[in-house]
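Close look at the chain arrangement
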Amino acid sequence: MKKILLPLLLILVCLDVFSQETIVKYLSGTDKDHTVPWDFYCTGGRKSGVWTKIAVPSNWELQGFGSYNYGHDKVKSNEQGLYKHDFFAGNLTGKKVYIVFEGSMTDTKVTINGKLAGPVHQGSFYQFKYDITGLIKPNAQNLLEVTVDKTSANSSVNDAERRNSDFWVFGGIYRPVYLEIVPETFIDRMAVNAKADGSFRLDVYAQNLKGDELIEAQVQNLNGQNVGKPFNAKANLAADHIELQANFAKPLLWSAEFPNLYQVVVTVKNKTGIIHRVKQKFGFRTVELRTNDGLYVNGAKIMMKGSDRHSFWPETGRTLSHGVHLMDVKLMKEMNMNAVRMSHYPPDRDFLDVCDSLGIYVLDELTGWQAKYDTVVGRKLVKELVVRDVNHPSILFWDNGNEGGFNRGLDNDYALYDPQKRTVIHPWEKFNGTDTKHYPDYNYMVNAAANGQEVFFPTEFMHGLYDGGAAAGLDDFWAQMIKHPHGAGGFIWAFLDEAVIRTDKNNTYDSDGNHAPDGIVGPHREKEGSFYAIKEIWSPVYINPQPIDAGFDGKIAVENRYAFTNLNQCSFKWKLVKFPSAQSKTTAAIVTATGLLKTIELKPGGKGTLNLTLPASWKKNDALYLTAYGPDKQELFTWSWAIGAPADIAGKIASSPAKSAIKTTETDKLLTIKCDGISYDFDKVTGYIQKVRKPAGAISLSGGPVLAGVSTQLKQFTHKADAGKYIVEADYQGVSSLHVTWTFVSGRPVKLEYQYAQQGDADFMGITFNYPEEKITGMKWLGRGPYRVWKNRLKGQQFGIWHKAYNNTITGETWGYPEFKGYHAEVNWVTIENKESPFTVYAADKNTYLQMLHPAREKDALSNNNVEPAFPEGSIGFLNAIAPIGTKFQPAKVMGPQSQTNHASGDKISGILWFDFIH
């Protein structure tokens, strides 16, 4: 009998405990990768007028229904989606049942078994629920019917969310739908206020209390270990909520650097036992916006280093998954970001959970893209926003709309549901002690630092359209932000390119022209060049690397830009490497020595020195790498330095046996020099090399060297034999002067020496050649890579040997990164791979930029050309200066010192190149 009773007792206990918890029964799938088919009827557009099936959750456009619309479209589609779904409800005795929609676009009418569940919900980005206890049939099949209007019957909802918004406008039940089953007496919601001093307040909103209940709370670690003693309060039928308070000694605090989380288990009980139990994660932390000072978390001044993020995936629109949320936050952390702004609507709840757990400061936003909700619907949506998100320690601010979409009548509503009384801001406006101006130029940054009183953090800046903005100019902007007495950081527009895969256009990408290709990463999170520049500029272990010279002693200046982390909590590793030659088939460096640095004690804000303690033979290597790791053991950044001069590399090129004496032939227009079986044709009218001919075929190098961007005329062309060498010289005059000397020596690469004098402003400076683009297949080079650079975005690239195949990637329109065409920094040598015969060019100057072709013009290029930097007419250039790039809204010239046009003083500039056509 005991053997029978004991298992039965355990089953009864387990069932009793289970009945005390909130039961969640999904009617839809949980995310984009786990969906449930519902019956569906679309009233207009594609696949309309017939009952079929649709995956839920989803946006119906991405499932082949209806019509696509971007917010700026003057003509909007207005289809409805009709959903039906049968579900079985079990035993509901003594239970209340709610149906919860986490997000539906937009007006949503819900019926259960033919009866209306409640008022039509308006607003696309908010969680809402209905009490359907009286409508649902227990132990039977039930019919859920949902009608979703893509366009709202409320004009203000359309204005705020859909009519002119700068993002895609979708339709459908795009977030999960589920039943929430609770006891008749239950906890509806809670609001936590846990401060850095250990004080803890909990507002518990319980329903259907009888008056004899006790509400008890127990704080725990996430592993379930109790922290402190339980505390409680008696039910109070006269109050709309019960307030519980406690104090904890020295709790672990939550911040973006140390995201320590706790949980509180809250129980409603009476004499008979536990009635309902819920669990809520939270973090102890205090946020202070100090007027005329800055933003403080847990008493430490912080800088928000963030981006603006849309909830988006190319194949599924706004229907996402935990994997996508985790990927996005990890990418932000990898870029050394510590903040994100929810633009322009609250995200999936799970995204905020990830921000809590990994450590990201959040600005949570009510939709209002340059237009606002009316007060009636706005008040409902503010409540839905705050009630859902109030307990996330990651959220520092509430954004009441965006760029003029502020219903000022709602400003005070946030505090009604938030015991933390977070500051409410108006993104782009000076409001509530903040200055969040959008897209300031560099002078605004300087003046705000000198004259502003508000806490300054632009909620949109460095617009990332195409390859402009994002990190171009960020180095200068951030230097000013660091100096700003009231600076609190900023948010780069935007995190990702919002390009949807059009199911009505053979699954091609569509970013609505130049409206949405403005991310640091691509639609599938492909990394652009700015990703790595941001990573370096925003590294909390900050090093501004200077070139290594003969006097380098292994000591490197470092600054601690953390808010809470001492550098003794970080680790550092260095390595010395040697590179293979240009002729080698590998690009991998050979590591000759590595070392770990001794722990350095350096408090936040402090400056000090890292002592690498390099071996005595360090100068015999080609490069030095230094990697910093945060307390979480993740890489913050790897800095790299070239050791030695590029000219030394060219000097080590192995000589080839001389095949024969150098020979020349000449006509009225052509000089041909034959050396080592290779012929070099020079145009005597222009002085330019015109072709290189090898026994196996020609190499179509021509038209140079030309002084980039400057018109000159040939003054003199001479050639002569000189002690076993053959020398060709050309002098050019015009606005600027250029002198060119070619030296041919049997068994050695051809040497080109050039000297020019240039005066005035110039987009670029140096020399160029022509080579047919259609014949280029790739490039391998020793220099900074693998991404291209601009004058105002040089950081982020690592010194090494890189290789990439030819592509015609246009940033934000195609995503085959890294882009092949563009400027490349600190090039020591480059091998031009082609359909004829590869050749290598070596440079003597460490600061040589390689110009590889001309980036293709964007299909939807802006008329202002801000994000189309100038390039020389030649296709391959070796330059001493390159052009900066602007942003969608700002030309480069207003973006700071690094963004200015180059200025030539008239002094002579010299350079040496070696052309190796032999190896």
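Residues numbered from 1 in each chain as written. Predicted model: local features only at pLDDT ≥ 70, side-chain atom pairs only at ≥ 80, totals over all residues. Heavy atoms only, no water.

1. Some points on the overall build of the chain
The helix and strand inventory of the chain stands at 10 helices and 61 strands. Against the compact-globule benchmark of 29 Å for 919 residues, the chain has a radius of gyration of 33 Å, which places it among compact chains. With respect to the principal axes defined by its C-alpha atoms, the chain has extents near 110 × 70 × 65 Å. Across the chain, every contact between residues at least 6 apart in sequence was considered, and the portion connecting residues at least 24 apart equals 67%. When the accessible area of the chain is evaluated, it comes to approximately 35,700 Å², of which 50% is carbon and sulfur surface. Across the chain, 100 positive and 98 negative side-chain charges occur, with their mean positions spaced 5 Å apart. (Helix = DSSP H or I, 4+ residues; strand = E, 2+ residues; numbered from the N terminus. Rg over C-alpha atoms; globule rule 2.2 N^0.38 Å. Contact = heavy atoms within 4.5 Å. Areas by Shrake-Rupley, 256 points an atom, 1.4 Å probe, with all protein chains shown as cover. Lys, Arg positive; Asp, Glu negative; His and termini not counted. Charge placed at Lys NZ, Arg CZ, Asp CG, Glu CD.)

2. A few points about empty space enclosed by the protein
Counted according to the given criterion, the structure contains five cavities of 30 Å³ or more. Its boundaries defined by the atoms lining it, the largest cavity holds a volume of some 70 Å³. What lines the largest cavity is simply Y70, D166, D308, H310, W493, A494, F495, L496, E498, H515, A516 and D518. Residue classes in the lining of the largest cavity are distributed as six nonpolar, two polar and four charged. There is about 50 Å³ of room inside the second largest cavity. Here the residues of the lining of the second largest cavity sort into four nonpolar, four polar and one charged. (1 Å grid on protein atoms, 1.4 Å probe; cavity = no way out; pocket = protein on both sides within 12 Å on 5 of 7 lines; lining within 4 Å. Points joined across faces, edges and corners; volume = space filled by probe spheres on them. Nonpolar A, V, L, I, M, F, W, Y, C, P; charged D, E, K, R; others polar.)

3. Observations concerning the nonpolar core
Within the largest apolar cluster, 68 residues are counted, with the highest numbers of intra-cluster contacts made by L366, I492, I534 and W538. Broken down by element, the residue count for this core peaks at five residues, all from helix 5 (residues 375-389). Ignoring anything within four residues of it in the chain, the contact list for L366 reads Y126, H344, Y373, L381, V382, L385, D399, N400, G401, L410 and Y414. If you look at the next biggest cluster of nonpolar residues, it comprises 51 residues, including I689, F744, M779 and L853. (Core = buried A, V, L, I, M, F, W, Y, C linked by side-chain atoms within 4.5 Å. Buried < 20%, exposed > 50% of the residue type's maximum accessible area, 1.4 Å probe, protein only.)

4. Some points on the environment of H903
As for its placement among the helices and strands, H903 is situated in strand 61 (residues 902-916). Here the alpha-carbon distance between H903 and A881, two residues 22 residues apart in the chain, equals 9.4 Å. The contacts of H903, once residues within four sequence positions are left out, are G760 and D761. One polar contact links H903 to D761, side chain to side chain, over a distance of 2.9 Å. (Polar contact = N/O pair within 3.5 Å; in protein donor to acceptor, adjacent residues only side chain to side chain.)

5. As for the layout of surface pockets
Roughly 1,000 Å³ of internal volume is contained in the second largest pocket. Around the second largest pocket, the lining is made up of 39 residues, and of these E257, K305, N338, P540 and Y562 lie nearest the centre. Taken together, the elements giving at least two residues each to the lining of the second largest pocket come down to helix 3 (322-334), helix 4 (349-358), helix 8 (474-483), helix 9 (529-537), strand 37 (555-560) and strand 42 (635-642). When residues in the lining of the second largest pocket are grouped by element, the largest group, three residues, is from helix 3.

6. Observations regarding the pattern of salt bridges
Inspection of every chain in the model, using the stated rule, returns 44 salt bridges. Here E21 and R277 are joined by a salt bridge, their closest N and O atoms 3.5 Å apart. In this pair, E21 sits in the loop between helix 1 (2-20) and strand 1 (23-26) while R277 sits in strand 21 (residues 273-282), placing the two residues 256 residues apart along the sequence. Of the residues examined, R277 reaches a relative accessible area of 22% and is grouped as partly exposed. Put simply, E753 and K751 hold a salt bridge, and the shortest N to O gap is 4.0 Å. Each of the salt bridges in this network shares a partner with another, and the network as a whole consists of D308, R341, E365, D399 and E460. (Salt bridge = Lys/Arg side-chain N within 4 Å of Asp/Glu carboxyl O.)

7. Some details on the packing of aromatic side chains
The final tally for this structure, using the stated rule, is 54 aromatic pairs. With 6.1 Å between their ring centres and 85° between their planes, W38 and Y83 make a pair best called edge-to-face. Of this pair, W38 sits in strand 2 (residues 36-42) while Y83 sits in strand 5 (residues 80-89), and the two are 45 residues apart along the sequence. Like W38, the residue Y83 is buried in the burial classification. For the ring pair Y126 and Y373, a centre distance of 6.3 Å and an interplane angle of 70° mean the geometry is edge-to-face. Here Y126 is found in the loop between strand 9 (115-116) and strand 10 (128-131), whereas its partner Y373 is found in the loop between strand 27 (361-369) and helix 5, with 247 residues between them in sequence. By relative accessible area, Y126 is classed as buried at 1%. The exposure class assigned to Y373 is buried, which follows from its relative accessible area of 2%. (Phe/Tyr/Trp six-rings, centres within 6.5 Å; stacked < 30°, edge-to-face > 60°.)

8. Section: unusual backbone geometry
M105 connects to T106 through a cis peptide bond whose omega is -10°. Of note, T106 is situated in the loop between strand 7 (104-105) and strand 8 (107-112). P818 follows Y817 through a cis peptide bond whose omega is -5°. For E403, which is not a glycine, the phi torsion comes out positive at approximately 50°. Residue position: E403 is located in the loop between strand 28 (395-402) and helix 6 (414-417). Since its relative accessible area comes to 9%, E403 is described here as buried. With phi around 50°, Y466 is a residue other than glycine that occupies positive phi space. With respect to the secondary-structure elements, Y466 resides in the loop between strand 32 (455-456) and helix 8. What makes Y466 buried here is its relative accessible area of 1%.

9. Concerning the environment of F717
When you line up the elements, F717 lands in strand 49 (residues 712-722). As a C-alpha pair, F717 and G651 span 66 residues in sequence and 28 Å in three-dimensional space. Not counting the four nearest positions on each side in its chain, F717 is found in contact with L671, F682, K684, G687, V728, E729 and A730.

10. Here's the deal with the sheet that holds strand 33 (residues 489-492)
Two orientations exist for strands paired in a sheet by backbone hydrogen bonds: parallel and antiparallel. The parallel open sheet is built from six strands, whose spatial order is 29-28-27-26-25-33. Each edge of the open sheet carries a strand with a single partner, namely strand 29 (423-425) and strand 33. Averaged over all pairs of adjacent strands, the angle between their axes in this sheet comes to 25°, without regard to strand direction. Two elements, strand 25 (residues 304-309) and strand 26 (residues 339-342), share four bridges in a ladder whose sense is parallel. (Pairing = 2+ DSSP bridges. Axes fitted to C-alpha atoms, helices over the stretch in contact; angles between N-to-C directions.)

11. Focus: the confidence of the model for the chain
Here the chain averages 95 in pLDDT, and 98% of its residues register 70 or above. Across residues 1-18 the pLDDT falls below 50, and counting only partners more than four positions away or on other chains, this stretch makes three contacts in the model. (pLDDT = per-residue confidence, 0-100.)

12. Remarks on the environment of N193
Structurally, N193 is set in strand 15 (residues 186-194). Residue class for N193 comes out buried when judged on its relative accessible area of 11%. It is 8.4 Å that separates the C-alpha atoms of N193 and D203, two residues lying 10 residues apart in sequence. Residue contacts for N193: discarding those within four places in its chain leaves S199, F200, R201, P419 and Q420.

13. Observations regarding helix 2 (residues 155-163)
Here helix 2 has its buried residues at S156, V157, N158, A160, E161 and R162. Tucked into the core, helix 2 has its buried residues touching strand 7, strand 12 (168-169), strand 27 and helix 5.

14. Here we look at the pairing of strand 57 (residues 829-834)
Taking burial as the measure, the six residues of strand 57 include five buried ones, the bulk of the element. Where strand 54 (residues 776-785) lies against strand 57, six bridges are found, and the strand directions are antiparallel. Within strand 57, the residue paired with I776 across the bridge is N834. Examined bridge by bridge, strand 57 and strand 58 (residues 839-843) share four bridges and lie antiparallel to one another. When the sheet's bridge partners are listed, V830 is paired in strand 58 with V841.

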